[in-house]
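Tertiary structure, described
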Amino acid sequence: MSTASTDYDAIVIGLGFAGIYQLHTLRDELGLKVRAFEKGSGIGGTWFWNRYPGAMSDTESPFYRYSFDKELLDEWSWSRKYIDQPDILEYLEAVVDRHDLRRDIQLDTEITAMTFDEASDTWTVTSSTGQSWTARYVVTALGLLAAVNKPDIPGIDTFAGDLVHTAQWPADLSLDGKRVGVIGTGSTGTQFIVAASKLAGHLTVFQRSAQYSVPSGNGPTTAEEVAQVKARYPEIWEQVRGSSVAFGFEESTTPTMSVSAEEREEIFEKAWERGNGFYFMFGTFSDIATDPDANEAAAAFIRKKISEVVDDPETARLLTPTQPYAKRPLCNLGYYELYNQDNVDLVSIKENPIVEIVPQGVKTADGVVHELDVLVLATGFDAVDGNYRRMDIRGRDGISIDEHWADAPTSYLGLSTAGFPNLFMILGPNGPFTNLVPSIEVQVEFVTKLVRSAQERGAVVEVTQEVEDAWTEECASIANMTLFPKTDSWIFGANIPGKKHSVLFYLGGMSAYRDLLAEVEEQGFRGYTARTPSAAA
Ligand code: FAD
Ligand code: NAP
């Protein structure tokens, strides 16, 4: 441990699922003096910010929660297959209250800079108001889908109606009876479109890329189903942690082409009826994300469904994706069906691009001005490293994280990066690609053990560039075994103009990731160097 005195032992930045749990473990398990900062005026992260109509999880309800608090698992229930945003936020508020975390939380505080002082081996963390605090350890829990991507469309700020990004939804914005336009058809856009099609007087969807959406199967759950899950939680979590995507279902081990065409159709049809995007991609067959023929079979099934569901052939054509089925899978209740409604129009901005936004609405290349009262940007996020680059983070030798990541954002295990001692990232670059709460728990628990070991040894810990480079290579080689790099999405940083495409995730699965962390720990935190701290400044 550093000999310099600091305001806190540890500082946590960000209070979503990751920061909340990290504050709890560092304070309540290790007994450290911890302060947690959040720029929002409330806790919850994703679930504080994303209040757009239709916002919900697509991890099924029993598996989108912490597993660490056994009593809470028993107490906290759900009533539908997926949890809506207000309920997830209420759950996180309850966790914070239950563990008496609020007294160590400071809201409305954006951290704009963090500097490592080599003389004292301490971090100084500075907020937008110029206040600063020191600590030996910093954990960044900044969110991987939290830095808003506002597209640079000519005239965007001239719009006279309400212009709103889905992750900055104002509490008082009603869509009832209004002329609403939405740009973006990712997970967010499609969820929003389903909800808005029931609220808006008229909805215009500006679609750049057509999406594969499977049914979600959302609906009520019975008290009996809930009770059955609760009784089985220990084995459920074991299954989740021992699986690849950690979504709570058994992943298929059957290759797509190993069964007859009839059997394939039957398996896809059952999955269509059951619902859930990850289930469709990973629960039906073992190789949809890796084998081009298998992928095409799944894609063809969904394309056939689109042609059956959508009445107008031209609309069906525009809604039909042609690229592989290899973005983050998504699911909705009645997505393609809603394009049969009279109050919904689809505009393909690939074929008829937006030329500018004018005060009255959106002007497309065909000269039409789509007049709107509300324009919704469902244009996603500068994912993974976005929030890091929005801060001035400086490690040893004054090197900034931007300089260190000049080529691409990298890390060791998704947790640490060379030259930034005693700094730990939850869901940093090249962390696991799964149902995220289980991954957050695994990472937070690893960081807690690492900090405990550093405390006991009186050491400053840092990773070497060699292990970081090796991890980056491993993540890239696993990603290249999949079809995900064949489509442009945020998973490889391809959604942000000018952002270099690079591997941003470990696609090796939850089970392998957990085993690896356990091995790293057993081998005395292999890959981390530990040194005696500098004398007090
Ligand atoms: P976040 O919840 O994003 O929290 C990060 C926090 O850090 C934010 O509150 C932010 O304000 C704060 N912060 C950032 N920078 C600073 C700074 N400089 N100073 C102070 N505070 C800062 N994942 C799933 O696995 N299943 C799902 O069903 C699912 N649904 C999703 C639905 C939506 C609409 C979105 C956007 C994402 C969804 N995700 C889902 C991903 C989701 O982000 C994660 O599951 C999880 O909530 C991430 O938690 P987190 O704590 O890591 O980050
Ligand atoms: P996204 O997947 O990146 O989708 C953004 C959409 O906006 C895409 O349709 C994109 O088109 C479009 N777009 C971006 N910039 C544009 C521009 N300049 N002009 C026109 N169109 C533009 O973002 P997201 O939908 O917010 O989802 C991000 C991730 O958050 C998801 O993959 C998921 O992990 C998580 N999430 C989950 C849920 C859930 O169901 N539980 C809900 C929301 C979000 P292109 O495809 O052509 O780039």
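Quick look at the structure, then.

The rules behind the values
Residues numbered from 1 in each chain as written. Chains lettered and ligands numbered in written order. Predicted model: local features only at pLDDT ≥ 70, side-chain atom pairs only at ≥ 80, totals over all residues. Heavy atoms only, no water. Helix = DSSP H or I, 4+ residues; strand = E, 2+ residues; numbered from the N terminus. Rg over C-alpha atoms; globule rule 2.2 N^0.38 Å. Buried < 20%, exposed > 50% of the residue type's maximum accessible area, 1.4 Å probe, protein only. Contact = heavy atoms within 4.5 Å. Areas by Shrake-Rupley, 256 points an atom, 1.4 Å probe, with all protein chains shown as cover. Lys, Arg positive; Asp, Glu negative; His and termini not counted. Charge placed at Lys NZ, Arg CZ, Asp CG, Glu CD. Phe/Tyr/Trp six-rings, centres within 6.5 Å; stacked < 30°, edge-to-face > 60°. Salt bridge = Lys/Arg side-chain N within 4 Å of Asp/Glu carboxyl O. Near = heavy atom within 4 Å. Polar contact = N/O pair within 3.5 Å; in protein donor to acceptor, adjacent residues only side chain to side chain. Nonpolar A, V, L, I, M, F, W, Y, C, P; charged D, E, K, R; others polar. Pairing = 2+ DSSP bridges. Axes fitted to C-alpha atoms, helices over the stretch in contact; angles between N-to-C directions. Parallel < 35°, antiparallel > 145°, perpendicular 65-115°, else oblique. Core = buried A, V, L, I, M, F, W, Y, C linked by side-chain atoms within 4.5 Å. 1 Å grid on protein atoms, 1.4 Å probe; cavity = no way out; pocket = protein on both sides within 12 Å on 5 of 7 lines; lining within 4 Å. Points joined across faces, edges and corners; volume = space filled by probe spheres on them.

What to know about the overall build of the chain
- A tally of regular secondary structure across the chain gives 16 helices and 22 strands.
- For the chain, whose C-alpha radius of gyration is 24 Å, the value lies close to the compact-globule estimate of 24 Å for 537 residues.
- Each of the three principal axes of the chain carries a C-alpha extent, and together these read 75 × 55 × 45 Å.
- Counting only residues that meet the buried cut, the chain has 59% of its 537 residues in that class.
- Pairs at least 24 residues apart make up 73% of the contacts formed inside the chain by residues separated by at least 6 positions.
- Accessible surface for the chain amounts to roughly 21,100 Å². Of this, 49% is attributable to carbon and sulfur atoms.
- For the chain, the separation between the mean place of its 45 positive charges and that of its 77 negative charges on side chains is 2 Å.

Details of the packing of aromatic side chains
- One pass over the structure, following the stated rule, counts 38 aromatic pairs.
- On the basis of an interplanar angle of 35 degrees and a centroid distance of 4.3 Å, the ring pair of F37 and W133 is categorised as tilted. Taken together, the residues span a long stretch of sequence, with F37 in strand 2 (residues 34-37) and W133 in strand 6 (residues 132-140) at a distance of 96 residues.
- In this structure F37 comes out as buried when scored by relative accessible area, which is 1%.
- When the centroid spacing of 6.2 Å and the interplanar angle of 75 degrees are considered together, the rings of W272 and F280 count as edge-to-face.

Some remarks on the pattern of salt bridges
- For the coordinates displayed, the defined rule picks out 33 salt bridges.
- Two residues, R317 and E351, come together in a salt bridge whose shortest N-O distance is 3.0 Å. With R317 in helix 11 (residues 313-319) and E351 in the loop between strand 12 (344-348) and strand 13 (354-358), this pair connects stretches of sequence that are 34 residues apart.
- R317 sits in the partly exposed class, given a relative accessible area of 42%.
- Among the ionic pairs, D402 bridges to R389, the shortest N-O distance being 2.7 Å. One end of the pair, D402, is in helix 13 (residues 401-404); the other, R389, is in helix 12 (residues 386-389), with 13 residues separating them in the sequence.
- Using a relative accessible area of 28% as the deciding quantity, one classes R389 as partly exposed.

Comments concerning the site of ligand 2
- Close to ligand 2 lie 24 residues, the nearest being T185, T188, S209, R328 and W490.
- The contact in question runs from a nitrogen atom of ligand 2 to an N or O atom on the backbone of D58, over 3.0 Å.
- Interatomic distance of 3.3 Å between a side-chain N/O atom of K327 and an oxygen atom of ligand 2.
- Contact with the protein chains removes 86% of the 910 Å² of surface that ligand 2 exposes when unbound.
- Among the elements that take part in the shell around ligand 2, helix 5 (residues 187-199) stands out by supplying three residues, more than any other.
- Of the residues in the shell around ligand 2, the class split is nine nonpolar, 11 polar and four charged.

Points about the sheet that holds strand 14 (residues 361-364)
- Taken in spatial order, the three strands line up as 13-14-15 in an open sheet, and their pairing is antiparallel. Strand pairing shows two members of the sheet lacking a second neighbour, strand 13 and strand 15 (369-371), which therefore form its edges. Looking at each pair of strands side by side, their axes are set apart by 25 degrees on average, direction ignored.
- Two elements, strand 13 and strand 14, share four bridges in a ladder whose sense is antiparallel. Bridged to E356 within strand 14 is K363.

Some remarks on the site of ligand 1
- As a structural note, the neighbourhood of ligand 1 is formed by 33 residues, with E38, T46, D58, Y64 and L436 the closest of them.
- Contact distances for ligand 1 include 3.1 Å between a nitrogen atom and a backbone N or O atom of K39.
- Here an oxygen atom of ligand 1 sits 3.4 Å away from a polar atom, N or O, in the main chain of A141.
- Relative to its free-state accessible area of 980 Å², ligand 1 is covered by the protein chains to the extent of 96%.
- Those elements that provide at least two residues to the shell around ligand 1 are helix 1 (17-29), helix 2 (46-49) and helix 14 (436-457).
- Per-element tally for the shell around ligand 1: the top contributor is helix 2, with three residues.
- In terms of residue class, the shell around ligand 1 is made up of 18 nonpolar, 11 polar and four charged.

Some thoughts on the packing of helix 14 against helix 16 (residues 510-522)
- Relative orientation of the contacting elements helix 14 and helix 16 amounts to 5 degrees, with a least axis distance of 11 Å. The angle between helix 14 and helix 16 places the two elements in the roughly parallel class. On helix 16, the residues touching P438, S439, V442, Q443, F446 and K449 of helix 14 are M510, Y513, R514, L517, V520 and E521.
- Split by residue class, the contact of helix 14 with helix 16 holds seven nonpolar, two polar and three charged.

Thoughts on the nonpolar core
- With 136 residues, the main nonpolar core has F17, Y66, F280, Y325, L413, I426 and Y528 as its most contacted residues.
- Among all residues touching L413, those that are not within four sequence positions of it are N430, Q443, F446, W471, Y513, L516, L517 and V520.
- Residues M114, F116, M391 and F420 belong to the second largest nonpolar core, which totals 21 residues.

Some remarks on the side chain of Q211
- One can find Q211 in the loop between strand 9 (202-207) and strand 10 (213-215).
- Judged by relative accessible area, which is 13%, Q211 ranks as buried.
- Looking at Q211, its side chain comes within polar contact range of the main-chain oxygen of T185, at 3.2 Å.

What about empty space enclosed by the protein?
- A complete count under the given rule lists two cavities of 30 Å³ or more for this structure.
- By volume, the largest cavity is sized at about 60 Å³.
- Around the largest cavity, the lining residues are A210, Q211, Y212, Q323, P324, Y325, A326, K327, R328, P329 and L330.
- Taken as a whole, the second largest cavity encloses approximately 30 Å³ of empty space.
- Taken together, S416, T417, F420, P421, N422, L423, F424, V461, E462, V463 and Y528 make up the full set of residues lining the second largest cavity.
- Listing elements by their share of the lining of the second largest cavity, those giving two or more residues are strand 18 (423-425) and strand 20 (460-463).
- No other element matches the three residues that strand 20 contributes to the lining of the second largest cavity.

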